[in-house]
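# A closer look at the structure
Residue-level listing of the chains:
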Amino acid sequence: MRSIVLAGLRAHLLRLVLTGLVVVLSVGFTAATLILTDSLDAGTRQELAADADGVDLAVLAPSGETLPPDDVAAVAGADGVAAAAPRSGVSVHTVDADGRIDPFATARILAAPLGAEVPDGGVLLDRRSADRLGLAGGDEITVAAEGTADLVTLPIAGLAELSADGIDDLELTAGWDLVREFADPPGASRVDLRLDDGADAAAVRAALPGGHEVVTGDELAQQLMDSSSQREALRIPLLMLGAVSLIVAAFVIANTFRILVAQRTRELALLRTVGATRRQVLRGVLAESVAIGLAGSLVGVGAGALTALVAGSVLGESLVLTVTGATVAWSVAIGVLMTVGSALLPARAATRVAPLAALQAVPDGADSRTTGRARIALGLLGLAAGALMLVVGAAAGTSGGGAGLILVVFGAAVCFLGLLILGPKVVPPLVRAIGAVAARLSGGSRSTAELATANAVRNPRRVAATTAALLIGVTTVAGFLTVVESSRQSVGAVVDGRIPADFAVRTATDEPIPDDVVRAIEELPETGSVVQDGADLLAVDAADGVDDDDARAAIVAATVEHPELSVQSFAQRRAEFEENLNEAVNLVLAILALALVIAFIGIANTLSLSVHERTREIGLLRALGLTRRQTRVMLGVEAALMGAVAAVVGSVAGALFAWAAVASVEELEFVVPWGQLAISAAVATLLGVLASVAPGQRAARTSPVMALASE
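Position labels on residues start from 1 in each chain and follow its written sequence. Local features in this predicted model are restricted to residues of pLDDT 70 or higher, and side-chain atom pairs are both shown and tallied only at a pLDDT of 80 or more, whereas totals for entire chains, interfaces and linings draw on every residue. Side-chain metrics rest on all non-hydrogen atoms present in the structure, leaving aside hydrogens and water.

On to the packing of helix α21 (residues 628-663) against helix α23 (residues 693-700), then. Lines fitted to the C-alpha atoms define the axes, with helices restricted to the stretch that makes contact. Angles between their N-to-C directions range from 0 to 180 degrees. A run of H or I in DSSP becomes a helix once it reaches four residues, and a run of E becomes a strand once it reaches two; helices and strands are each numbered from the N terminus. It is at 8 Å that the axes of α21 and α23 come closest, and there the two elements cross at 145°. Taken as a pair, α21 and α23 cross one another with a handedness that is right-handed. Taking contact as the criterion, the partners of Arg628, Thr631, Arg632 and Leu635 in α21 are, on α23, Gly696, Gln697, Ala699 and Ala700. For this classification, the nonpolar set comprises Ala, Val, Leu, Ile, Met, Phe, Trp, Tyr, Cys and Pro, the charged set comprises Asp, Glu, Lys and Arg, and every other residue, Gly included, is treated as polar. Across the contact of α21 with α23, the residue classes break down as three nonpolar, three polar and two charged. Helix crossings are classified by the rotation of the near helix relative to the far one: an anticlockwise turn of less than a right angle makes the crossing left-handed, while a clockwise turn makes it right-handed. Working rule for contacts: check all heavy atoms of both residues, and any pair within 4.5 Å makes them a contact.

Burial status follows relative accessibility: with a 1.4 Å probe on protein chains alone, a residue under 20% of its type maximum counts as buried, one over 50% as exposed, and anything between as partly exposed. Among the five residues of strand β11 (residues 503-507), five are classified as buried, and the element is accordingly described as predominantly covered. Going residue by residue along β11, you find Phe503, Val505 and Thr507 tucked away on one face and Ala504 and Arg506 tucked away on the opposite face as well. Summarising the sheet, β11 and strand β14 (residues 565-569) pair through five bridges and their orientation is antiparallel. Paired with Phe503 across the bridge in β14 is Ser569. Two strands pair if DSSP finds at least two bridges between them.

A few words now on the sheet that holds strand β8 (residues 170-174). Pairing between the strands of a sheet is mediated by backbone hydrogen bonds and can be parallel or antiparallel. With mixed pairing, six strands are arranged side by side around a closed barrel as β3-β4-β8-β5-β7-β6. Between one strand axis and the next, the sheet turns through 50° on average, direction left out of account.

A grouping of Leu306, Leu309, Leu321 and Val323 is seen on the molecular surface, where their side chains present a nonpolar patch of about 340 Å² in accessible area. Mapped onto the elements, Val323 comes out in the loop between α10 (278-315) and α11 (325-351). The exposure class of Val323 is partly exposed, given its relative accessible area of 41%. The residues that make up patches have over 30% relative accessible area and no salt bridge, and they are joined within 9 Å when like-charged or within 5 Å when they are Val, Leu, Ile, Met, Phe, Trp or Tyr. Reported accessibility uses the Shrake-Rupley method at a 1.4 Å probe radius. Residues are deemed covered only where the shown protein chains occlude them. By convention in these notes, a salt bridge is any Lys or Arg side-chain nitrogen within 4 Å of a carboxyl oxygen on Asp or Glu.

It is worth spelling out a negative patch on the surface at this point. Taken together, Asp547, Asp548, Asp549 and Asp550 make up a surface patch of like negative charges. Look at Asp550 and you get partly exposed, because its relative accessible area is 47%. Only four residue types enter the charge count: Lys and Arg as positive, Asp and Glu as negative, with His and the chain ends excluded. Working definition for charges: the position is that of NZ of Lys, CZ of Arg, CG of Asp or CD of Glu.

Every helix has an expected span of 1.5 Å times one less than the residues it contains. Its 36 residues give α21 an end-to-end C-alpha distance of 52 Å, which sits within 8% of 52 Å, the value for a rise of 1.5 Å per residue. Among the 36 residues of α21, 26 are classified as buried, and the element is accordingly described as predominantly covered.

Structure representation (structure tokens):
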């Protein structure tokens, strides 16, 4: 049987290439996520460990506390200590373009590590922030301690790399004395020590004052590495998005094997005739799926490693390429299990091929089987149960906290599963309806459109399975776009509703805004309504007919003696919020696009296999006068109909699921992004048309004589 399986793989190699590509893409994304997060974590651990380079001993503060300055001085002055570096960090506020303290902009000032040279009173600015702000050595940066109005201008002595645990905030490296001026309380989290040459570390360790925990440099490095996050914040969302691609791939693979088994009916029947048992036939088909899954998974792991390298360079993160055995094992296991699981039902169908089928003609792809009552009942039950969970989750949103949203997620999954189960009953009527409209609008090509519609629905199970792959992607994209747009509009509405004004004058300290400042702003001719919202915020409108820029300049001038008062434009804040949101949206859409690409491959694969099994039919149509162009149009319309059905149903389902999700969250207002949904639907339909190009070219080249002579 092994030789038969190998011969089958060689004989159908070209038909299985696209299936293997689906495995490569889906497994490649999973592998890339695991490798990228592991590699980023390895790079971070390496950088954290480097923070202990040159450290012989380190004195640690108790958890959640700091070492007082007196203890720091005592440790630094102990016998046998050549150099000491107190380590600590403190957050400060930076100033905006007006020279005012920005309560939303923070920076970290870190004490310099052992051996680093920082001029007294000067700082080192991280290179990323320097590039973003256009600063360099010799420039100055102004900061203020949290809760104070005292501005401190610091000279930038040079640039430094961002620390291993650095985040998006600006980062400054300074001497201990400067850090202590901003810290409250002015203590250190630890003190790194370098000992005198020849000093006995154990003796120095025992003689250190204070009774604090003391570790060696190696022990410190291990503690720092253990504190590294495992990038779960990045890994889990990416894997969840990757799961969408895996589900789509499973539908594509199952559909491909279903078609291949149908096309190989005579071959499988001949094997049964010469003595092959049902178990051998099952094992043979599953062996093919294992081979495809294994080969595709291994290639996917390699592609994932390359993708992780590219992603690391794009992110500008420290990356130590790390491909662990666990990553390879999980990726290969996911790929093989997905492929074998998807091929299981088609493989079982292969065992039901009777030996007498060897005497029958090659199937033409039609399927006269009706959808069973049990399947219809199960699908309706799924739809009803899912819809009930959606409604209950949406209703519980304002009182049930996060439970409502969780119920909505499960409800959407159950409801969508019911829709997929009912696919053979739902999709064909929709294809006929859209096909009828297309036929009426096609003018002289009406007969071709009608023929394409008839061909598309001749096998309800196949068209439903092919459409399902694209439907999953479109539904996810439509739901995501709707939730994002609802969140975007709701955040703006909440902000405008809370402070319906053009500007906000906000204090960065704990002191209330002075009354004389409030009166000065009220008396400005450039301002209209001035409303005090608590002690720390003024909501100010520009006067009628006054330009916003002029009004803002007047407010800034009126508060020139108060650097703790910042003048913020709500329009500017909303623009910054939307810019950040758009970046996240584009990243998620780029990832979800992978699911659409896999669905595109699925449609192309289905059409290619369909052309192969309909060779005689296409040859007969060509003999009866169907031109090459009409043949290509026919395949294109078939694919476009499947794409259009997925676009319509997916957009509606995605919007409904998004409505329930939005309703389950307080202060969110449901908004339908009609334009974005229309673009998504158009892209889905276009993907169907593009998927038909290669199969259409092949069908157009079919020779009527050769086709009619084939079996």
